[in-house]
Amino acid sequence: MKILILGSGGREHAFAWKIAQSNHCEELFVAPGNAGTAQIATNIALGVNDFEAIANFATEKKIDLILVGPEAPLVAGIADYFAANEQLQHIKIIGPNKQGAILEGSKDFSKNFMRKYNIPTAQSQTFTKDTLEEGLAYLATQNTPIVLKADGLAAGKGVIISETLEHAQATLKEMLVDAKFGDASARVVIEEFLQGIEMSSFVITDGNDYCLLPEAKDYKRIGEKDTGLNTGGMGAVSPVPFAKGDFMQKVEDQVIRPTIEGLKAEGIQYIGFIFFGLMNVGGNPYVIEYNARMGDPETEVVLPRVKSDLVELLIATADNKLQDYTLELDPRTAATVMLVSGGYPESYEKGKTMTGFDQAQDVILFHAGTKTNDTGETVTNGGRVIALTGFGNDIPQALDKSKAAAEQISFEGKYYRKDIGLDLLN
Ligand code: AMP
Ligand code: GLY
C-alpha cells in the first residue's frame, strides 16, 4: 500500500514510525512532515488544509490510504472532499467526515450529544452575544471555579477556568462581545468545574465497532507539578495505573459504547480515531472533551505499546471489519518527555542546532518541531521540539530512560519537565 500521513508533529512521526514497520507499507509519504519523518518516509511540502493539492498528489502517486493527523482538515471536511469525487473515492481516509469531526469542532454540539445519549459530562449551558445578559446572570448562580469554553476550534487555547465570578463575567464578555477567539467564541459553553484526575482514552472505529487502544495521561502545563501556562503537552505515560477493572468498564459502558451508538443513531458515519478526554471524579468517568484524532504527545506512548501491525488495523477500520479484530499490546509502561524551546508556550526562537542524537540511547525519538536546514543540520522549528519515549516495568523506570536521553540531546534554550507520570504513583 502507498500511504500518506498528514501533519508534522510528534504524533505524525509516531504514526510514520509504526506504519513504516508494516509489511503492507510499500511507500510512505508525510505532508509536510519534519526532520524525523524525513528519515523513514518522503516528506512532501503540502499544507494539511490544501485539499486540492493533496488530491492531486494522491492521484499522481496512486496513494491507497491517507491518515489525517490533526483536527483542522477533518473539521474542514477533507473526508467529504475525497468522498465527493469519483476519482478519489477509492482512497481510504482514516479520519471522520465533517459531520463526525463536529464532535471536536463544536463543544456545544458535543455537550448536546452527550446529554442526548446520557454520557456523563459536566453540567453546562451555552450562550451567544444575544444572550449575554442571561449568561452573566447564569454565572452569578454558579460556583467557582467555573469553566468557559469557546465553542469552536481555538488552537487549544479556547478553555478558560475562572476562579472568581468577576473574572468569569469579564471573560464571557471578551469571548462573546470582543470575539476573543474570533468566530470560535461566537458561542460559549459555561461548564461546571470537575475535580479529579484527567486521562485520555482512545478508540479507532469503523462506524459500527471499535477497537480500544491503550490509554494515556498527558501533562499540559509548562511547569513541574502542573503549574504555569498550558502547552500542547509536555509528556505522557501509558498505561495509567487507575485505568483498569471497574473504572475502565465504566469508561466502555458509559462513555465509549454510547458514543459509538449515538453517532450511529444520528446517522453520522464515523471512520477514524476518537479521543475521549476524561476526568476521573471519585472513580467515575466524565467526558471533558472529544477529539476527532489521536492526541499529541499521547500517540508517542500509545503506538509504542501496540504490537499489532498498525496498517492491518487501519485497513480493517476503513473496510468496516473491526468486529473480528484483536489488538496485541506490550504490557510494559511507556513514558515520553517532550523537549521544548526556551520561552514556549510564549514566544521562542527557532533554528537552534540540535546535537546528541546518537547518544540518546534506549529511547524512541519522535521529532515534532524540527527540520533539516540548508547545510544538512537538524534544527529546531517549533515550540515542542522532540519527544523521547522510554520503556520500563513501571513509570519511574520508563521515565528515567526518557530523562537520560533528554540530557543527551542539546540545543540552546532546551527545557523539559522531569516529573511526567510521577503524580500517578502513591
Ligand atoms: P481542552 O482545551 O478542552 O483540552 O481543555 C483544557 C483543559 O481544561 C483540560 O485539559 C482540563 O484540564 C481543563 N478542563 C476542561 N473542562 C474542565 C472541567 N469541566 N472541569 C475541570 N477542568 C476542566
Ligand atoms: N495532548 C492533548 C491533545 O492532543 O489534544
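We now turn to the structure provided with this report. Remember, it's a predicted structure, so these values are computed and weren't measured experimentally.

### Overview of the environment of phenylalanine 29
Working step 1: Of note, phenylalanine 29 is situated in strand E2 (residues 27-32).
Working step 2: Residue phenylalanine 29 is classed as buried on the basis of its relative accessible area, which comes to 2%.
Working step 3: Sequence separation between phenylalanine 29 and lysine 180 is 151 residues; the distance between their C-alpha atoms is 37 Å.
Working step 4: Not counting residues up to four positions away in its chain, the partners in contact with phenylalanine 29 are Ile3, Leu4, Ile5, Thr42, Ile44, Phe57, Lys61 and Ile63.

### Looking at helix H12 (residues 395-408)
Working step 1: An ideal rise of 1.5 Å per residue puts 20 Å on 14 residues; H12 measures up with 20 Å between its terminal C-alpha atoms.
Working step 2: Ile395, Ala398, Leu399, Ser402, Ala405 and Ala406 are the residues of H12 that are buried. One side of H12 carries all its buried residues, which in axial view fall inside an arc of 125 degrees.
Working step 3: Here the buried face of H12 lies against strand E14 (235-238), strand E17 (333-340) and strand E21 (384-392).
Working step 4: One side-chain oxygen at the N-terminal end of H12 lies 3.0 Å from the backbone nitrogen of glutamine 397; it belongs to aspartate 394.

### Structural notes on the sheet that holds E14
Working step 1: Across the sheet, which stays open at both edges, the eight strands sit in the order E16-E15-E10-E11-E14-E17-E21-E18 with antiparallel pairing between neighbours. Each of the sheet's edge strands pairs with one partner strand only, and the pair in question is strand E16 (284-291) and strand E18 (364-367). Strand-to-strand twist of the sheet, defined as the mean angle between neighbouring strand axes without regard to direction, takes the value 25 degrees.
Working step 2: Relative to the sheet, helix H1 (residues 10-20) contacts strand E15 (272-281) and E18, its axis offset from that of E18 by approximately 130 degrees.

### Comments concerning the site of ligand 2
Working step 1: The immediate surroundings of ligand 2 are formed by Asp218, Gly232, Phe275, Arg293, Gly295, Asp296, Pro297 and Glu298.
Working step 2: Here aspartate 218 contributes a side-chain N or O atom positioned 2.7 Å from a nitrogen atom of ligand 2.
Working step 3: A distance of 3.5 Å separates a nitrogen atom of ligand 2 from a polar backbone atom of glycine 232.
Working step 4: If ligand 2 stood free it would expose 200 Å²; the protein chains cover 89% of that surface.

### A short note on the site of ligand 1
Working step 1: Residues in contact with ligand 1 amount to 14 residues; listed here are only the nearest, Glu191, Glu192, Leu194, Glu198 and Glu289.
Working step 2: Glutamate 198 is positioned such that a nitrogen or oxygen atom in its side chain is 2.3 Å from an oxygen atom of ligand 1.
Working step 3: Within the side chain of lysine 220, one N or O atom sits 3.0 Å away from an oxygen atom of ligand 1.
Working step 4: Those elements that place two or more of their residues in the shell around ligand 1 are strand E7 (146-150), strand E8 (159-162), strand E9 (187-192) and E16.
Working step 5: When its residues are assigned to classes, the shell around ligand 1 shows seven nonpolar, no polar and seven charged.

### Brief notes about the packing of aromatic side chains
Working step 1: This model, assessed by the stated rule, comprises 13 aromatic pairs.
Working step 2: Note on phenylalanine 242 and phenylalanine 247: the rings are 5.5 Å apart at their centroids and 85 degrees apart in plane angle, and the pair reads as edge-to-face. Comparing phenylalanine 242 with phenylalanine 247 shows no difference in burial state: the two are buried.
Working step 3: Residues tyrosine 344 and tyrosine 348 carry aromatic rings whose centres are separated by 6.1 Å and whose planes lie at 70 degrees to one another, so their mutual orientation is edge-to-face.
Working step 4: Tyrosine 348 sits in the partly exposed class, given a relative accessible area of 31%.
Working step 5: Each residue in the set Phe109, Phe113, Tyr117, Phe276 and Tyr290 is aromatic and connected to the rest through ring pairs, giving one cluster.

### As for helix H11 (residues 310-318)
Working step 1: Taken together, the buried positions of H11 are Leu310, Val311, Leu313, Leu314, Ala316 and Thr317.
Working step 2: N-capping of H11 is provided by aspartate 309, with a side-chain oxygen placed 2.8 Å from the backbone N of valine 311.
Working step 3: One or two residues past the end of H11 sits asparagine 320, with phi positive at roughly 60 degrees.

### Overview of empty space enclosed by the protein
Working step 1: Enumeration over the complete set of coordinates arrives at two cavities of 30 Å³ or more.
Working step 2: Approximately 80 Å³ is the volume found for the largest cavity.
Working step 3: In terms of lining, the largest cavity is formed by 13 residues, of which the most central are Glu198, Met199, Ser200, Lys220 and Gly277.
Working step 4: When grouped by side-chain class, the residues that make up the lining of the largest cavity number five nonpolar, two polar and six charged.
Working step 5: By volume, the second largest cavity amounts to about 60 Å³.
Working step 6: As for the second largest cavity, its lining consists of Leu103, Glu104, Ser106, Lys107, Ser110, Lys111, Lys149, Val189, Glu191, Ile288, Glu289 and Tyr290.

### As for unusual backbone geometry
Working step 1: The linkage connecting aspartate 296 with the following residue, proline 297, adopts the cis geometry, with an omega of 20 degrees.
Working step 2: Inspection of the secondary structure assignment puts proline 297 in the loop between E16 and helix H10 (299-302).
Working step 3: Cis geometry marks the peptide bond from tyrosine 344 to proline 345, where omega comes out at 10 degrees.
Working step 4: Not every positive phi belongs to a glycine, and lysine 62 is a case in point at roughly 55 degrees.
Working step 5: Within the secondary structure, lysine 62 sits in the loop between helix H2 (51-60) and strand E4 (65-68).

### Structural notes on the pairing of strand E1 (residues 2-7)
Working step 1: Within E1, six of the six residues are buried, which leaves it mostly tucked inside the rest of the structure.
Working step 2: The alternating pattern of E1 places Lys2, Leu4 and Leu6 and Ile3, Ile5 and Gly7 on opposite faces, both of which are buried.
Working step 3: Of the strand pairs in this sheet, E1 and E2 are connected by six bridges, and their pairing is parallel. Within the sheet, the bridge partner assigned to isoleucine 5 lies in E2 and is valine 30.
Working step 4: Since E1 and E2 lie parallel, the crossover through H1 that links them has a hand, and here it is right-handed.

Conventions we followed
- Residues numbered from 1 in each chain as written.
- Chains lettered and ligands numbered in written order.
- Predicted model: local features only at pLDDT ≥ 70, side-chain atom pairs only at ≥ 80, totals over all residues.
- Heavy atoms only, no water.
- Helix = DSSP H or I, 4+ residues; strand = E, 2+ residues; numbered from the N terminus.
- Buried < 20%, exposed > 50% of the residue type's maximum accessible area, 1.4 Å probe, protein only.
- Contact = heavy atoms within 4.5 Å.
- Expected span 1.5 Å × (residues − 1).
- Arc of directions from axis to C-beta.
- Polar contact = N/O pair within 3.5 Å; in protein donor to acceptor, adjacent residues only side chain to side chain.
- Pairing = 2+ DSSP bridges.
- Axes fitted to C-alpha atoms, helices over the stretch in contact; angles between N-to-C directions.
- Near = heavy atom within 4 Å.
- Areas by Shrake-Rupley, 256 points an atom, 1.4 Å probe, with all protein chains shown as cover.
- Nonpolar A, V, L, I, M, F, W, Y, C, P; charged D, E, K, R; others polar.
- Phe/Tyr/Trp six-rings, centres within 6.5 Å; stacked < 30°, edge-to-face > 60°.
- 1 Å grid on protein atoms, 1.4 Å probe; cavity = no way out; pocket = protein on both sides within 12 Å on 5 of 7 lines; lining within 4 Å.
- Points joined across faces, edges and corners; volume = space filled by probe spheres on them.
- Right-handed = clockwise from strand over helix to strand, strands pointing away.

The values reported here are purely geometric and, on their own, carry no functional implication.
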